[in-house]
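Structural description and commentary
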Amino acid sequence: MSLEGHELRWMKHQTPIVDDVTLTVQPHETLGLLGPNGSGKSSLLQLLASLRTPDTGRVRLGDMPLRHQSRRRIARRLALVEQHATTEADLCVEEVVQLGRTPHRGPLRPWQPEDERIIRQVLERVGLAGMRRRRWHTLSGGERQRVQLARAMAQQPEVLLLDEPTNHLDIQHQLDLLALIRRLALTSVIALHDLNLAAMFCDRLIVMHRGQLVAEGTPATVLTPALIHEVYGVTAVVERSPHHGRLQVHYLPDLPPA
Amino acid sequence: MIEWLAARAGWPARWLLALLALIMLAGVVILAASIGEMPIPLSVTLASITNGLGITDLPLDRIQQGIVWQYRMSRALMAASCGAGLALCGTILQALLRNALAEPYVLGISAGASTGAVTVLLLGLGGGLIGMPMGAFLGALAAFALVILLAAGARSSTTRVILAGVAAAQLFNALTAWVVSTSANAEQSRSIMFWLLGSLGGVRWPDVGLAASIVILGGLICLCFARTLDAFAFGEDAAAALGVAVAPVRLILLTVTALITATMVSIVGAVGFVGLVIPHAARFLIGPGHLRLLPASVLIGANFMVLADILSRIIVPQQVLPIGVVTALFGAPAFALILYRARPST
């Protein structure tokens, strides 16, 4: 399932937050969405998820235009993992993941064995099978993100959008989570801050700067010292790592003498 | 034991609990009909009720039968409807606004409904075309609109919603006081003051019919949205991403809430804390899933309110306290407890 955004534009208080962005995500591709804070990454994801309606432009999911599409139909094909999910409700892991079945269930349709099978499967996949009854509020940040990912997977989507899923996670959980998302082999868009993680786990990258798309392509074509300087205002050297073969960005700030 | 049953056991135990709550409700209603200034033996009470329902035709003291059926039964069933309705409203608002402190009274909706009702009653607004329930409904809607506007949509932080509610409650209470103090004579002021604090006196069967049908209808509508309410656990965007059409759902449920609140206020007055405390008690017993939580809140709310009414009639001999005073005496400490325990959003 491909995902396309065409000439997307979204204003807030007369300021363009997303400004004329066109992108295509190929089926089963992992696309990294880069850009500094406030560059419009989250807003672009919300437009792609049809949570906001673009002022101009359109989004297509496969051959389905998203405008005027029922929320439920969209939610069966596209799932979103928010940056920082919070709740007041005293839910357990299982109950959060069950929410993922919402778009597949009518208002009064009882829980089916099929739903149960899916829940068990996704919990196993994210490595939380033994924690079904744990309370959400007792989970660590990494566990919460995995629960949210399991919830998104329970929607059985073809497209997965993730808004900085590795924020606030320690390095081990960042690597685990991204590797897990990669293994799902869905069409996915991941907003990321860490350029090295993006180079490691994404097929292609796009870079946003002040609402506009300023670069697009493979990590090798996008992650150049010139672009990093232009967008982040940071001097950097980029080289291929002799250890894992992916690009590695070395930042060169004014360091104190070592 | 109830908690243990609710948490561990499967569906047969939960149905059993629901049945127990229903039996208990019937019990407290009969108790309420028997207790009062003129104590009436339970056997006479029961016979009066079956006579009133038209099941039996037992020879009874006409006065006793009249008190039980015309006065106390309608009053008890009104209390049950009111408790059920307010608890339902609290459950819905707490889920929709994602706020543990949301309920009609705290959010100023009851205050708005009071203003509307008083305005129609005293100023004759609407030229007799709109009755007091309609006035209360319009007032409730106005308060709702004000709160949502002040809080700049439900996307805002949970504290802002409550602050907006406090502001709305202050404003509408001031408006009510203004209308009452400028337009009512001493006798009217006294009876309105009493009614504003919540009073079940003077409730008649047609009132009960209206309140009960609104609660049952509203409850059934809400029950259809039980799963949808679950999906609001992580906020409106998360609900939308799960396939919920947020704007229409919010509109329908807030309208139902306003309608129930307005009906209750127009008949009983503004009764506080029931909508706040009962949903928490129900959640504590039965968990956060709304398919169970909504019926549990309704049943506990109904039981609580009938018991509160009995208390209001026996605490002070020869005198009936406003029901709102009794619920507040229990509710305010519970409110403080919830406030104290409410987790900061993490």
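Treat the numbers as computed from the prediction; the structure is a model and nothing was measured.

Within chain B, the regular secondary structure consists of 15 helices and 0 strands. A compact globule built from 346 residues would reach a C-alpha radius of gyration of about 20 Å, and chain B, at 20 Å, matches this within 12%. Taken over 346 residues, chain B has a buried fraction of 52%. On chain B, roughly 15400 Å² of surface is accessible, and the fraction owed to carbon and sulfur atoms is 72%. Mean positive and mean negative side-chain charge positions of chain B (17 and 11 charges, respectively) differ by 9 Å.

Regarding its fold elements, chain A presents 9 helices and 12 strands. For chain A, the C-alpha radius of gyration of 19 Å lies close to 18 Å, the compact-globule estimate for 258 residues. In terms of its C-alpha atoms, chain A occupies a principal-axis envelope of roughly 60 × 45 × 30 Å. Counting only residues that meet the buried cut, chain A has 52% of its 258 residues in that class. Across chain A, every contact between residues at least 6 apart in sequence was considered, and the portion connecting residues at least 24 apart equals 63%. Taken as a whole, chain A presents about 11800 Å² of accessible surface, with 51% of it coming from carbon and sulfur. Counting 31 positive and 28 negative side-chain charges, chain A places the averaged centre of each group 7 Å from the other.

Residues and elements named next belong to chain B. Where helix α5 (residues 109-123) contacts helix α12 (residues 246-268), the axes come no closer than 9 Å and their chain directions differ by 55 degrees. Comparing the axis directions of α5 and α12 gives the class oblique. α5 and α12 meet at a crossing whose hand is right-handed. Of α12, the residues touching α5 (which contributes I109, S110, A113 and S114) are T261, A262 and V265. Considering only residue class, the contact of α5 with α12 consists of 4 nonpolar, 3 polar and no charged.

What follows is about the confidence of the model for chain B. Model confidence for chain B is summarised by a mean pLDDT of 86, while 92% of its residues fall at 70 or above. Between the elements of chain B, mean pLDDT differs from a low of 52, seen in helix α1 (residues 2-8) of chain B, to a high of 95, seen in helix α9 (residues 205-224) of chain B.

Each partner contributes to the interface: chain A provides 34 residues, whereas chain B provides 22 residues. A buried area of about 2400 Å², summed over both sides, lies between chain A and chain B, and 55% of it is on carbon and sulfur atoms. Summed over the three residues of chain A that lose the most area to chain B, namely T86, E88 and L99 of chain A, the buried surface amounts to 26% of that side. Across the salt bridge formed by D237 of chain B and R52 of chain A, the nearest N and O atoms sit 2.8 Å from each other. At the surface where chain A touches chain B, the tally comes to 5 residue pairs in polar contact (both at pLDDT 80 or more). Elements supplying a minimum of two residues to the side of chain A that touches chain B: α2 (71-77), β6 (78-81), α3 (93-98) and α5 (141-154) of chain A. Here the side of chain A that touches chain B is built from residues that sort into 13 nonpolar, 10 polar and 11 charged.

Membership of the largest hydrophobic core comes to 182 residues, with the highest contact counts inside it found for L3, L149 and L161 of chain A together with M78 of chain B. With 17 residues, the single largest contributor to this core is helix α4 (residues 62-96) of chain B. Composition of this core by domain shows at least three residues from each of domain 1 (1-72) and domain 2 (82-341) of chain B. Sequence-distant contacts of L149 of chain A, defined by excluding residues within four places in its chain, comprise V81, V126, L160, L162, L177, L180, I181 and L184 of chain A.

As a further point, take the pattern of salt bridges. Taken as a whole and assessed by the stated rule, the structure comprises 18 salt bridges over all chains. A salt bridge links R77 of chain A to E158 of chain A; the nearest nitrogen and oxygen atoms lie 3.5 Å apart. Remark: E158 of chain A occurs in the loop between α5 and β7 (159-163) and R77 of chain A occurs in helix α2; sequence separation between them is 81 residues. With a relative accessible area of 19%, R77 of chain A lands in the buried category. The partly exposed category is assigned to E158 of chain A, whose relative accessible area is 33%. Two residues, R75 of chain B and D309 of chain B, come together in a salt bridge whose shortest N-O distance is 3.0 Å. Of this pair, R75 of chain B sits in helix α4 while D309 of chain B sits in helix α14 (residues 290-314), placing them 234 residues apart in sequence. A relative accessible area of 3% means that R75 of chain B is categorised as buried. Here D309 of chain B falls in the buried class, since its relative accessible area comes to 1%.

This paragraph deals with the packing of helix α13 (residues 274-286) of chain B against α14 of chain B. All names here are of chain B. At a minimum axis distance of 8 Å, the contact between α13 and α14 shows a crossing angle of 125 degrees. Regarding the angle of α13 to α14, the classification is oblique. As for how α13 packs across α14, the hand of that crossing is right-handed. From α13, V274, I278, P279, A282, R283, L285 and I286 reach across to α14, where they touch R292, L293, A296, S297, I300, G301, F304 and M305. For the contact of α13 with α14, the per-class residue count stands at 11 nonpolar, 2 polar and 2 charged.

Rules of the game
- Residues numbered from 1 in each chain as written.
- Chains lettered and ligands numbered in written order.
- Predicted model: local features only at pLDDT ≥ 70, side-chain atom pairs only at ≥ 80, totals over all residues.
- Heavy atoms only, no water.
- Helix = DSSP H or I, 4+ residues; strand = E, 2+ residues; numbered from the N terminus.
- Rg over C-alpha atoms; globule rule 2.2 N^0.38 Å.
- Buried < 20%, exposed > 50% of the residue type's maximum accessible area, 1.4 Å probe, protein only.
- Areas by Shrake-Rupley, 256 points an atom, 1.4 Å probe, with all protein chains shown as cover.
- Lys, Arg positive; Asp, Glu negative; His and termini not counted.
- Charge placed at Lys NZ, Arg CZ, Asp CG, Glu CD.
- Contact = heavy atoms within 4.5 Å.
- Axes fitted to C-alpha atoms, helices over the stretch in contact; angles between N-to-C directions.
- Parallel < 35°, antiparallel > 145°, perpendicular 65-115°, else oblique.
- Left-handed = near helix turned anticlockwise from the far one by under 90°.
- Nonpolar A, V, L, I, M, F, W, Y, C, P; charged D, E, K, R; others polar.
- pLDDT = per-residue confidence, 0-100.
- Buried area = accessible area lost by both parts, 1.4 Å probe.
- Salt bridge = Lys/Arg side-chain N within 4 Å of Asp/Glu carboxyl O.
- Polar contact = N/O pair within 3.5 Å; in protein donor to acceptor, adjacent residues only side chain to side chain.
- Core = buried A, V, L, I, M, F, W, Y, C linked by side-chain atoms within 4.5 Å.
- Domains from an automatic or database assignment.

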